[in-house]
Amino acid sequence: MRAWLVVVSLAVAVPAAAQDLDRDGVPDRLEQTLLEKFAPTLLLARGECDGLPASFTPLSSTPRVSAKDATLYGQAFRVAASGGRVAIELHFFHLWASDCGRVGHDLDAEHVSAIVSASRLDAPASAWIAEAWYAAAHEGSVCDASSGAHARVIGAEAAGPRVFVSRGKHASYFDRGQCKWGCGGDECGDDRAIVPSRIINIGEIDAPLNGATWTHSTQWPMAGKLRSDFDPALRARLETTTDHVIPLMQHRRGPQAPVLAGDTAIDGLETAAESAIGAIGAATRAAGRFLRMPRRRNW
């Protein structure tokens, strides 16, 4: 109890504008300001089977959906910068009760992220600009179709971008034309634009904020997504590529060509398997009829 009182006393003693409860070197108020300024708009396709991104019960050790209410969860932390500027990496998590696409599963953690910078940490919100963006799509799998973009390419230097979210699978894309790259199974549309109903800062993995203790759960890969998405080579590439969104399959995990046939190949395999099963069933039924036929005696 005494230790708890000390923590509370210290929090009260520190002005709200300077409080840094997740201990990452960025005041919590600034984190919230930047998360709200650069929040993306999610574009959902018609027929999205899980409705809206979910909010989760605070202080739970496991992720428990409390509502499907278009909540976004955010994270902010300092990263290396150049030219005397200050840089902060922002993560925006759209979390779902389930992946209801092909090979679905409970709980789905997806996100986009950005590098934003200003001349100094206490610069006003209007002085912060986005330099680069990253969109996770089937991150870490053989179907990884994640992408990156210079902020100018997607019109997201002073505000958040428009992000296509694949139906059922919830992979994130800045370019609708790249949506099929996720092993060919993704479908994107802009039938419904979702502006976040609220943005909740989850803090850091070792110092969660707002009761986001469920980020530690092994039921989903959230903990692994709280690290930087921008290695130095990627940041350098995004700084110099100002005319298109960059697919990152080769940058991070090698060529994806063997699986880009996507739905055609998967559907072909499914059809072949169904045909084989059907042929075996027909043969079995025919054999059964043959064995039940009355035998003629040879005279």
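Further up the page is the structure itself.
Computed from a predicted structure; not experimentally measured.

**Student:** Honestly, the packing of aromatic side chains in this entry has me stumped. Any pointers?
**Tutor:** How two aromatic rings sit relative to each other is given by the distance of their centres and the angle of their planes. This structure, assessed with the given rule, holds seven aromatic pairs. On the basis of an interplanar angle of 35° and a centroid distance of 5.4 Å, the ring pair of Phe56 and Trp214 is categorised as tilted. Taken together, the positions of Phe56 in strand 2 (residues 54-56) and Trp214 in the loop between strand 14 (207-208) and helix 3 (232-240) put the pair 158 residues apart, joining distant regions of the chain. Judged by its relative accessible area of 4%, Phe56 falls in the buried class. Since its relative accessible area comes to 1%, Trp214 is described here as buried. Measuring from ring centre to ring centre gives 6.3 Å for Tyr134 and Phe230, while their planes differ by 70°; the resulting arrangement is edge-to-face. Taken together, the positions of Tyr134 in strand 7 (residues 129-135) and Phe230 in the loop between strand 14 and helix 3 put the pair 96 residues apart, joining distant regions of the chain. For Tyr134, a relative accessible area of 0% corresponds to the buried category. Among the aromatic residues, those joined into a ring-pair cluster are Phe56, Tyr73, Trp214 and Trp220.

**Student:** I would appreciate a short explanation of the state of the cysteines in the present structure.
**Tutor:** In a disulfide, the sulfur atoms of two cysteines are covalently bonded to one another. Counted according to the given criterion, the structure contains three disulfides. There is a disulfide in this structure between Cys49 and Cys100, and the S-S distance comes to 2.0 Å. Across the S-S bond linking Cys49 and Cys100, the dihedral sits near 95°, which makes this disulfide right-handed. Placement of Cys49 in the loop between strand 1 (41-44) and strand 2 and of Cys100 in the loop between strand 5 (86-99) and strand 6 (105-118) is noted, with a sequence separation of 51 residues between them. Judged by its relative accessible area of 43%, Cys49 is partly exposed. Look at Cys100 and you get partly exposed, because its relative accessible area is 30%. Two residues share a disulfide in this structure: Cys143 and Cys183, whose sulfurs sit 1.8 Å from each other. Between Cys143 and Cys183 the sulfur-sulfur dihedral comes to about -90°; the bridge is accordingly left-handed.

Quick notes on the rules
- Along each chain, the written sequence defines residue order, and numbers are assigned to residues from 1.
- The predicted origin of the model limits local features to residues at a pLDDT of at least 70 and limits the giving and counting of side-chain atom pairs to 80 or more, whereas totals for whole chains, interfaces and linings rest on all residues.
- Side-chain figures throughout are based on the complete set of non-hydrogen atoms in the structure, without hydrogens or water.
- Pairing of aromatic rings covers Phe, Tyr and the six-membered ring of Trp, with a centre-to-centre limit of 6.5 Å; geometry is then stacked below 30 degrees between planes, edge-to-face above 60, and tilted otherwise.
- For the purposes of this entry, the term helix denotes a DSSP run of H or I that reaches at least four residues, the term strand denotes a run of E that reaches at least two, and both are numbered from the N terminus.
- Buried residues are those whose accessible area, probed at 1.4 Å on protein chains only, stays under 20% of the maximum for their type, while exposed residues exceed 50% and partly exposed ones sit between those limits.
- Cysteine sulfur atoms are paired as a disulfide whenever they fall within 2.5 Å.

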